[in-house]
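Summary of the model geometry
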Amino acid sequence: MTAQEAYNQLDPKHWVKTSVSERLSLLKQIQENLKTHANSLGATDSRMKNDLIGQNAVSKAEGMGGTVMPMANTLMGITKLFESLLKGKMPQPNSIKEIDNNLFEAHVFPIHSKDKLAAGKQKGYLHIEGKPTQINPLDKPAGVIAISGAGNYSSSIEMAMALFLENKAVVHKPHQLNEATDVIWEKVFAPLIERKALAFCDADQGRALSQLEGLHSIYFTGSTEVAHAIQNAAKAPLVAECGGNNPCIIVPGKWSEKDIKRQAIQIVSAGKLNGGAICGRPQTIITSKNWDQREQFLNELRKAITKETFACCSYYPGVEQTSEAFLQHQPSAEILKPENAKYNKSDYVLIPNLSEDDFAIKNEAFCQIFGEIPLDTSADTYGFLTKATDFCNNKLLGSLGCMILVDNKTLKANEARVHQAIRDLNYGGIAVNDIPPNIWLNGYLTWGGCGESTADFISGVGNFGNPLNFENVKKSVLINDFNATSFEFTNRKRVEHLVENVSYFNTDQSWGHFLKLAGQMTIDNLKGKDF
């Protein structure tokens with residue numbers, strides 16, 4: 001179907017007249033459809049990736065991680081919004097407080113009882129500029145949003161956000177890599193297609209989509225270059241998320257050997273996620289040159305890449321050329337081979353001891369590459385965070401995601417300074433003792449760049465998400481305990497079980513699915529490596 005044909009099928013004025021109770025019924029139907037087609041989505045996504053890899057390296061469960069899980073999380077956050085609206089009120093955060101001059105922090109996750117059980121010690125916050133104001137989505141005017149889907153994941157959660165959070169009808173175009181999964185998404189969202197609230201066009205309709213007359217806005221996830229091309233050709237405003245070179249800031253502290261091993265595994269697991277094709281993955285690890293455990297940490301990082309985490313394959317088109325460019329510009333790069341190169345395209349590049357103006361600082365990898373830069377600054381928290389914040393804001397490419405690791409003792413002694421850094425760091429998603437992709441996966445937070453302009457953005461303009469519908473959200477912050485169970489690729493089956501069970505749990509948050517999730521986690525956490 002052409003973009004114009006899809007647009008012509010929509011009736012946005014009818015969609016805005018859809019009542020809260022009707023929308024809840026539609027959400028329930030979509031969630032049931034998602035459960036019905038979960039296996040097909042996972043299998044189709046993994047088949048696409050395995051075809052590009054040339055080997056059966058990605059499982060159906062991993063495919064669900066890029067399709068079912070993010071959509072289930074998004075739909076659950078939206079469902080909670082409309083359940084509150086059915087009671088005649090907007091959902092409320094746990095708390096709101098002013099944290100700086102005209103800057104407020106809303107504690108928005110976890111709010112609901114089952115979210116609290118699943119979250120553990122995770123806490124999610126929105127930073128809001130100006131007095132916090134919520135807008136009922138039903139008060140937003142009719143219109144149409146065009147969505148150009150991402151290539152690195154097959155779950156266009158922006159569809160649900162545009163429909164239910166912005167009150168707009170939607171034309172969706174898949175990335176050419178995800179045409180097969182889009183056929184399944186049409187089945188999942190069939191109730192909205194029947195309502196003339198949603199229509200799908202072909203993957204080759206990108207230019208025509210951007211030039212449609214009468215659009216409210218265009219949502220895009222992908223490269224910065226393509227985003228600017230769309231913006232230049234479009235007749236509607238662009239909301240875009242485009243990646244960048246994301247930092248992992250290691251706040252100096254006295255870490256135990258167990259701490260160093262666990263955090264190295266967590267960073268590496270985040271770096272290997274989806275073969276490195278994740279916009280929010282950490283790329284540049286920032287240490288202090290004077291942290292006396294730096295070399296020990298780097299050695300554990302090498303071990304985590306090669307021996308402690310299983311191999312993942314970089315399937316995304318063009319990664320070979322990207323990797324070659326980094327190797328050419330950074331002659332000190334180390335090529336590491338997880339699982340003794342058992343899988344195609346699974347090499348991992350580590351570039352320690354970078355300088356501030358190196359190629360690896362100024363470019364995004366979007367594949368399995370880590371850089372490490374030891375800042376020439378003291379190891380005390382105040383001095384290090386001052387230097388690290390300035391470096392991130394003024395040297396690193398983009399403003400999308402930032403990861404901070406700080407041990408509990410150091411955090412307790414320097415809490416005000418760490419939170420000042422969180423406020424000062426110019427990133428749309430900041431994860432403390434957690435990974436930035438978990439912000440994207442969270443159904444209550446936002447995802448996007450921070451403070452960039454339409455003229456010269458790198459990570460994009462605007463943001464996605466926000467089911468509490470706060471205006472003027474600057475960034476999202478996810479804070480966890482340093483000793484919390486980390487995100488680990490140390491056992492394939494454990495990861496597959498976790499992804500599947502979280503996906504199904506968040507389609508309905510039933511006690512049955514929760515008990516299966518918790519029970520399987522208890523069993524799997526007793527197991528060691530399986531590779």
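Structure report, in brief.

Calculation rules
- Residues numbered from 1 in each chain as written.
- Predicted model: local features only at pLDDT ≥ 70, side-chain atom pairs only at ≥ 80, totals over all residues.
- Heavy atoms only, no water.
- Helix = DSSP H or I, 4+ residues; strand = E, 2+ residues; numbered from the N terminus.
- Rg over C-alpha atoms; globule rule 2.2 N^0.38 Å.
- Contact = heavy atoms within 4.5 Å.
- Areas by Shrake-Rupley, 256 points an atom, 1.4 Å probe, with all protein chains shown as cover.
- Phe/Tyr/Trp six-rings, centres within 6.5 Å; stacked < 30°, edge-to-face > 60°.
- Buried < 20%, exposed > 50% of the residue type's maximum accessible area, 1.4 Å probe, protein only.
- Pairing = 2+ DSSP bridges.
- Expected span 1.5 Å × (residues − 1).
- 1 Å grid on protein atoms, 1.4 Å probe; cavity = no way out; pocket = protein on both sides within 12 Å on 5 of 7 lines; lining within 4 Å.
- Points joined across faces, edges and corners; volume = space filled by probe spheres on them.
- Nonpolar A, V, L, I, M, F, W, Y, C, P; charged D, E, K, R; others polar.
- Core = buried A, V, L, I, M, F, W, Y, C linked by side-chain atoms within 4.5 Å.
- Salt bridge = Lys/Arg side-chain N within 4 Å of Asp/Glu carboxyl O.
- Axes fitted to C-alpha atoms, helices over the stretch in contact; angles between N-to-C directions.

Observations concerning the overall build of the chain
Counting its regular elements, the chain contains 22 helices and 19 strands. Since a compact globule built from 531 residues should have a radius of gyration of about 24 Å, the 22 Å found for the chain is in line with a globular shape. Each principal axis of the C-alpha distribution contributes one length, and for the chain these read about 65 × 55 × 50 Å. Put simply, 77% of the contacts in the chain that link residues at least 6 apart link residues at least 24 apart. Carbon and sulfur atoms make up 48% of the accessible area of the chain, which totals about 20400 Å².

Description of the packing of aromatic side chains
Overall, the coordinates contain 19 aromatic pairs when judged by the stated rule. Aromatic side chains Trp 291 and Phe 297 sit 6.0 Å apart centroid to centroid with 45 degrees between the ring planes, which places their arrangement in the tilted category. The exposure class assigned to Trp 291 is buried, which follows from its relative accessible area of 5%. You can call Phe 297 buried: its relative accessible area is 0%. Plain terms: the ring middles of Phe 310 and Phe 531 are 6.2 Å apart, the flat faces sit at 85 degrees to each other, and that makes the pair edge-to-face. Taken together, the residues Phe 310 in the loop between helix H14 (294-308) and helix H15 (319-329) and Phe 531 in the segment after helix H22 (511-524) connect sequence positions 221 residues apart.

Let's talk about the pairing of strand S19 (residues 473-479)
A large share of S19 lies buried, amounting to six of its seven residues. One ladder, built from six bridges, connects strand S3 (residues 123-129) with S19; its direction is antiparallel. Within S19, the position partnered with Tyr 125 by the bridge is Val 477.

Some thoughts on helix H13 (residues 257-272)
End to end, H13 covers 22 Å across 16 residues, agreeing with the expected 22 Å (1.5 Å per residue, within 8%). The buried count for H13 comes to 13 of 16 residues, which makes it a mostly enclosed element. Looking one or two residues beyond H13, the residue adopting positive phi is Asn 274, at roughly 55 degrees.

Comments concerning the layout of surface pockets
If you add up the space inside the second largest pocket, you get close to 840 Å³. Elements represented by at least two residues in the lining of the second largest pocket include exactly helix H11 (206-210), strand S7 (217-221), helix H12 (224-233) and H15. In terms of residue count, the dominant contributor to the lining of the second largest pocket is H12 (six residues). A breakdown of the residues in the lining of the second largest pocket according to their chemical character gives 16 nonpolar, 17 polar and four charged.

Here we look at the nonpolar core
Core analysis: the biggest nonpolar cluster contains 124 residues, and Leu 192, Ile 249, Ile 286 and Ile 404 have the highest contact counts within it. Among the elements that take part in this core, helix H6 (residues 68-86) stands out by supplying nine residues, more than any other. If near-sequence neighbours (up to four positions away) are discounted, Ile 404 is found in contact with Ile 249, Val 251, Ile 422, Leu 425, Ile 430, Ala 431, Val 432 and Asn 433. Residues Ala 270, Trp 291, Leu 298 and Met 403 belong to the second largest nonpolar core, which totals 24 residues.

Thoughts on empty space enclosed by the protein
Counted according to the given criterion, the structure contains five cavities of 30 Å³ or more. Volume-wise, the largest cavity comes out at about 80 Å³. Contributing to the lining of the largest cavity are Asn 152, Tyr 153, Glu 241, Ile 278, Cys 279, Gly 280, Pro 437, Trp 440 and Trp 447. Looking at the lining of the largest cavity residue by residue, the class counts come to six nonpolar, two polar and one charged.

Things to note about the pattern of salt bridges
Counted according to the given criterion, the structure contains 23 salt bridges. Lys 261 is paired through a salt bridge with Glu 308; the nearest N and O atoms lie 4.0 Å apart. Of the two residues, Lys 261 is situated in helix H13 and Glu 308 in helix H14; the sequence distance between them amounts to 47 residues. The partly exposed category is assigned to Lys 261, whose relative accessible area is 36%. Across the pair Asp 347 and Lys 337 runs a salt bridge, and its minimum N-O distance is 2.9 Å. Of this pair, Asp 347 sits in the loop between strand S11 (334-336) and strand S12 (348-351) while Lys 337 sits in the loop between S11 and S12, and the two are ten residues apart along the sequence.

A word on the sheet that holds strand S13 (residues 369-375)
With mixed pairing, eleven strands are arranged side by side in an open sheet as S1-S2-S3-S19-S15-S14-S9-S10-S13-S12-S11. Both outer strands of the open sheet, strand S1 (95-100) and S11, are each paired with one neighbouring strand and no more. Within this sheet the neighbouring strands show an average axis-to-axis angle of 25 degrees, counted without direction. Sitting on the sheet, H13 touches strand S9 (246-250), strand S10 (282-288), S12, S13 and strand S14 (401-405), and the angle it makes with S14 is about 165 degrees.

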